[in-house]
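Close look at the chain arrangement
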Amino acid sequence: GGSDFGVAGLCFGGFFAGLLGHLDDARNRQGPALELAMNLGQPFSVLFAHWIASCVHLLRGEPEPALACARATAALAGEKGYAQYSAWSDLAVAAARFEQGANGEAIVAMRQGLDDCATIGTILFNPFWMTYLARALGRDGQIREGLATVAEALDLIARTDERFIEAELHRIRGELLLLGDSPDQTGAQASFLKAIEVARAQKARYWELRAATDLARLWQG
């Protein structure tokens, strides 16, 4: 995608380590990636390292450093005219703001970011951002819209085979089904079990643990 191979290897190695459940390893690879990019003096590699670092911090539930990295990405993307990374950095900022509790702001920004992606013709990584939109909609009481977002993301995955976030989407579907005045416990259980099944097939222990925790909480209740 234009980044130095060494920088990309460290960045993606860390991101995938996070998906497999090795969250400290995921974080520890981002510093060397950024250092290498800076030493190479390649603006795109620096931008790329900041962007992946923002995603890793989001995985780790760290909105403040995620926000800082996303804003650094936005500054470089705006300066160099990288439209895709401008859209992605806006989405990362929105996801971080959601984690900080700015729900309404996050919904508006995420919808705008996804619209910007559509304008430039990119769908790569969209399901990842849509997990945050679905959760934000659920928190806002827009459960039907949240479920529709999950369904849209799963449909996109079926067409593109970009499956790294598939298990989490099933988990979020279960989470949404438990909201509102008439919780669907049977449907939620099925969604959590599907999330665990998908995660185990991918050896994605991070997503498996999240879904198993929700399933245990449901059973306990």
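Refer to the structure printed above.
It should be emphasised that the depicted structure is a prediction, and the values quoted were computed from it without experimental measurement. Positions within a chain are numbered from 1, following the residues in the order the chain's sequence is written. Only residues with pLDDT of at least 70 get local features here, since the model is predicted, and only at 80 or more are side-chain atom pairs given and counted; chain-wide, interface and lining totals rely on the full set of residues. Note that water and hydrogens are dropped before the side-chain values are worked out from all heavy atoms of the structure.

On a plain count of helices and strands, the chain comes out with 12 helices and 0 strands. Mapped in sequence order, the helices and strands of the chain form the string α-α-α-α-α-α-α-α-α-α-α-α. This radius of gyration counts C-alpha atoms alone. The globule rule is 2.2 Å times how many residues there are, raised to the power 0.38. Taking 17 Å as the expected radius of gyration for a compact globule of 221 residues, we find that the chain reaches 17 Å, a close match to that expectation. Structurally, the chain occupies a C-alpha span of about 55 × 30 × 30 Å along its principal axes. Runs of E in the DSSP output that reach at least two residues are strands. Runs of H or I that reach at least four are helices, and both are numbered from the N terminus.

The next subject is the nonpolar core. The definition of a nonpolar core used throughout is a set of buried Ala, Val, Leu, Ile, Met, Phe, Trp, Tyr and Cys residues joined through side-chain atoms within 4.5 Å. Only protein chains enter the accessibility calculation, which uses a 1.4 Å probe; a residue whose area is less than 20% of its type maximum is buried, one above 50% is exposed, and one in between is partly exposed. By size, the foremost hydrophobic cluster in this structure holds 64 residues, and its most contacted members are F15, W51, M110, F125, F128, W129 and W207. With 11 residues, the single largest contributor to this core is helix α4 (residues 43-59). By the convention used here, residues are in contact when the closest approach between their heavy atoms is within 4.5 Å. Not counting chain neighbours up to four residues away, the residues in contact with W207 comprise L19, L59, F164, I165, A167, E168 and A199. In terms of nonpolar packing, the next biggest core, distinct from the first, is built from 8 residues, L177, A188, A195 and A211 among them.

Right, let's get into the side chain of S89. Relative to the helices and strands, S89 is located in helix α6 (residues 83-99). Ignoring sequence-local partners within four residues, the contact set of S89 consists of A70, T73 and A74.

Another aspect to go through is helix α12 (residues 205-220). Given the number of residues in a helix, its expected span is that number minus one, multiplied by 1.5 Å. Between its first and last C-alpha, α12 extends 22 Å over 16 residues, near the 22 Å set by a 1.5 Å rise per residue. Among all positions in α12, only Y206, W207, E208, A211, D214, L215 and L218 are buried. Contact partners of the buried residues in α12: α1 (5-19), α2 (23-28), α4, α10 (166-177) and α11 (185-202).

Our focus in this paragraph is the pattern of salt bridges. Think of a salt bridge as a Lys or Arg side-chain nitrogen and an Asp or Glu carboxyl oxygen that are within 4 Å of each other. Applying the stated criterion across every chain yields a total of 18 salt bridges. For the salt bridge of D25 with R29, the shortest nitrogen-to-oxygen distance reads 3.2 Å. Given the relative accessible area of 29%, D25 is considered partly exposed. For E197, the salt bridge is made with K194, and the minimal N-O distance between the two is 3.9 Å. Residue E197 and its partner K194 are located together in helix α11, separated by 3 residues, close to a single helical turn. Since its relative accessible area comes to 32%, K194 is described here as partly exposed.

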